[in-house]
Amino acid sequence: MRLSNYFLPVLKETPADATIASHRFMLRAGMVKQDSAGIYIWLPLGFKVLQKIEQIVREEQNKAGAVEMLMPTIQSANHWKETGRYDAYGPEMLRITDRGDRELLYGPTNEDMITDMFRSYVRSYKDLPQMLYHSQWKFRDERRPRFGVMRGREFLMKDAYSFDIDPAAARVSYYKQFVAYLNTYARMGLQAVPMKADTGPIGGDLSHEFLILAETGESEVFCHKDLVDMPPPGYLDTDEAREAVFKERTSLYAATDEMHDADEFAKVPADKQLSARGIEVGHIFYFGDKYSAPMNAQVQGPDGKNHNIMMGSYGVGVSRLVGGIIEACHDENGIIWPKSVAPFGAGIINLRKGDEAVDAACEDIYAKLSAANIDPLYDDKDDRGGQKFARMDLIGLPYQIVVGPRGLKEGKVEVKTRASGEKQDMTIEAAINFITGEFAE
């Protein structure tokens, strides 16, 4: 993409109401624009990151055996009344009526709807287990939306739902998702720590939050240090292996301030105790027949009797992750995107537009990086060099190639690695090989 053809409304000044890094940088980098309280327009740069995060989530859900579908944003109130959640959910749920006075709602989650859908088709244990998911915009009328996309009212969430014949089988599904979540966040360059969590309005007796550590996190975190250093489990093809990962991770102390037990934390060796701040980026639940029982969602078991379906739900805050990654990956100059979610792989900075040799070198680099699927952003605008450097640091692309007449006389360009700030002079061929090699890892 050529910057002269791209819509990138970068701001020089930070809006006064942006108090945390992700909110400041997303507004300044032209990723989002607030339309009303807690509701944002996703501009091209932000939307590219959002799509990359969503695709990673999709791929890991597919590996876990989940099947993608799509449910509507507007739901019938009847499902929620049947489960008893319509009145219990609270003012966060936006309740509306259509022209026929039918009661509807803008869905904050989908347990009730998908249970109704599932009971319409599945009658036998032979059709279980099943795991379905979708990525859908949700609405929760936060009393005090703040921190940009970190606590908005409209947000993109991946929610998955498992259906099993009994609690033992349901836990197998839970372990699959637990492992999938660890791998999902690792692919985004994050270390997410699973923590035992309150089940809240979703319900059930087994629940874990996944938090990434960041100084601006809204939750206080207490955990065993080893959890932060554990590598992702990778793809596991047996139930036993996934259960082993679950037991290993949950055997070590980890809790937010809401679930913190000071006495239990004190049992952790002093040199292994970690107190920090964290951002929730995912939440999984096993809640048994909380929804299937009131909705009479049953299947015939191998014993010939009807059994309530055992269910779980698994949420990832896709749009929230955009902000969460920035909170964990930034410096004073701007964002530092992990390669897997960066909107562009590398930025090309032309320091002397109109110079025949510089223009030709930039075009050559642009063509070769594009052919290598690096998806470069070519800054071909007439701005001063300082503006170009500041803009490129702000938007946080993993690598920058700076092309100027002085370097070209020596056959060199400058390559900057955004994460480390390291700068290297290389030939054009070496620069292209270096960047393509980094993305091949």
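Residues numbered from 1 in each chain as written. Predicted model: local features only at pLDDT ≥ 70, side-chain atom pairs only at ≥ 80, totals over all residues. Heavy atoms only, no water.

## Structural notes on the packing of helix α1 (residues 21-28) against helix α10 (residues 318-328)
Then step 1. It is at 8 Å that the axes of α1 and α10 come closest, and there the two elements cross at 110°. For the element pair α1 / α10, the angle class is roughly perpendicular. Counted together, A21, S22, H23, F25 and M26 of α1 and V322, G323, I326 and E327 of α10 form the full contact between these two elements.
Then step 2. Of the residues belonging to the contact of α1 with α10, the class tally is five nonpolar, three polar and one charged. (Axes fitted to C-alpha atoms, helices over the stretch in contact; angles between N-to-C directions. Helix = DSSP H or I, 4+ residues; strand = E, 2+ residues; numbered from the N terminus. Parallel < 35°, antiparallel > 145°, perpendicular 65-115°, else oblique. Contact = heavy atoms within 4.5 Å. Nonpolar A, V, L, I, M, F, W, Y, C, P; charged D, E, K, R; others polar.)

## Quick word on the sheet that holds strand β19 (residues 346-350)
Then step 1. Read from one edge to the other, the open sheet built from five strands follows the order β20-β19-β21-β22-β23, with strand pairing classed as mixed. The sheet terminates laterally at β20 (376-379) and β23 (423-426), the two strands that pair on one side only. Put simply, the sheet's adjacent strands are angled 20° from each other on average, direction ignored.
Then step 2. Note: strand β22 (residues 413-417) against β23, four bridges, orientation antiparallel. Each residue of the ladder has a partner; that of V415, found in β23, is Q424. (Pairing = 2+ DSSP bridges.)

## A word on the packing of aromatic side chains
Then step 1. Inspection of every chain in the model, using the stated rule, returns 18 aromatic pairs.
Then step 2. Arranged with centres 5.5 Å apart and planes meeting at 85°, the rings of W80 and Y89 form a pair that is edge-to-face. The pair W80 / Y89 is uniform in exposure class, with both members buried.
Then step 3. One aromatic cluster is present, built from ring pairs that chain together Y174, Y175, F178, Y181, Y185, F210, F246 and Y314.
Then step 4. We note R24 situated over the ring of F25; from NZ or CZ to the ring centre the distance is 5.7 Å.
Then step 5. Above the ring of W80, the side-chain terminus of R85 is found at 4.2 Å from the ring centroid. (Phe/Tyr/Trp six-rings, centres within 6.5 Å; stacked < 30°, edge-to-face > 60°. Buried < 20%, exposed > 50% of the residue type's maximum accessible area, 1.4 Å probe, protein only. Lys NZ or Arg CZ within 6 Å of the ring centre and 35° of its normal.)

## Concerning the pairing of β19
Then step 1. Within β19, five of the five residues are buried, leaving the element largely enclosed by the surrounding structure.
Then step 2. As paired elements, β19 and strand β21 (residues 399-403) share five bridges and run parallel to each other. Its bridge partner being in β21, I349 is matched across the sheet by V402.

## Examining a negative patch on the surface
Then step 1. Where like charges cluster on the molecular surface, the negative patch consists of D198, E220, D257 and E258.
Then step 2. With respect to the helices, strands and loops of the structure, D198 is situated in the loop between β9 (192-196) and β10 (206-213).
Then step 3. Judged by relative accessible area, which is 45%, D198 ranks as partly exposed. (Patch = residues over 30% accessible without salt bridge, like charges linked within 9 Å, V, L, I, M, F, W, Y side chains within 5 Å. Areas by Shrake-Rupley, 256 points an atom, 1.4 Å probe, with all protein chains shown as cover. Salt bridge = Lys/Arg side-chain N within 4 Å of Asp/Glu carboxyl O. Lys, Arg positive; Asp, Glu negative; His and termini not counted. Charge placed at Lys NZ, Arg CZ, Asp CG, Glu CD.)

## So, unusual backbone geometry
Then step 1. Here the bond from L128 into P129 is cis, since omega is 0°, no more than 30 degrees from zero.
Then step 2. Following the sequence through the fold, P129 ends up in the loop between α5 (111-119) and β7 (130-139).
Then step 3. Although it is not a glycine, F147 sits at a positive phi angle of roughly 65°.
Then step 4. Relative to the helices and strands, F147 is located in the loop between β7 and β8 (154-164).

## Describing the sheet that holds strand β4 (residues 74-76)
Then step 1. Pairing in this open sheet of three strands is antiparallel, and the strands run β4-β6-β5 from one edge to the other. The open sheet has two free edges, formed respectively by β4 and β5 (94-97), since each of these has just one partner strand. The sheet shows a mean angle of 40° between the axes of neighbouring strands, taken without regard to direction.
Then step 2. Across three bridges, the pairing between β4 and strand β6 (residues 103-106) is antiparallel. By the bridge assignment for β6, I74 is matched with Y106.

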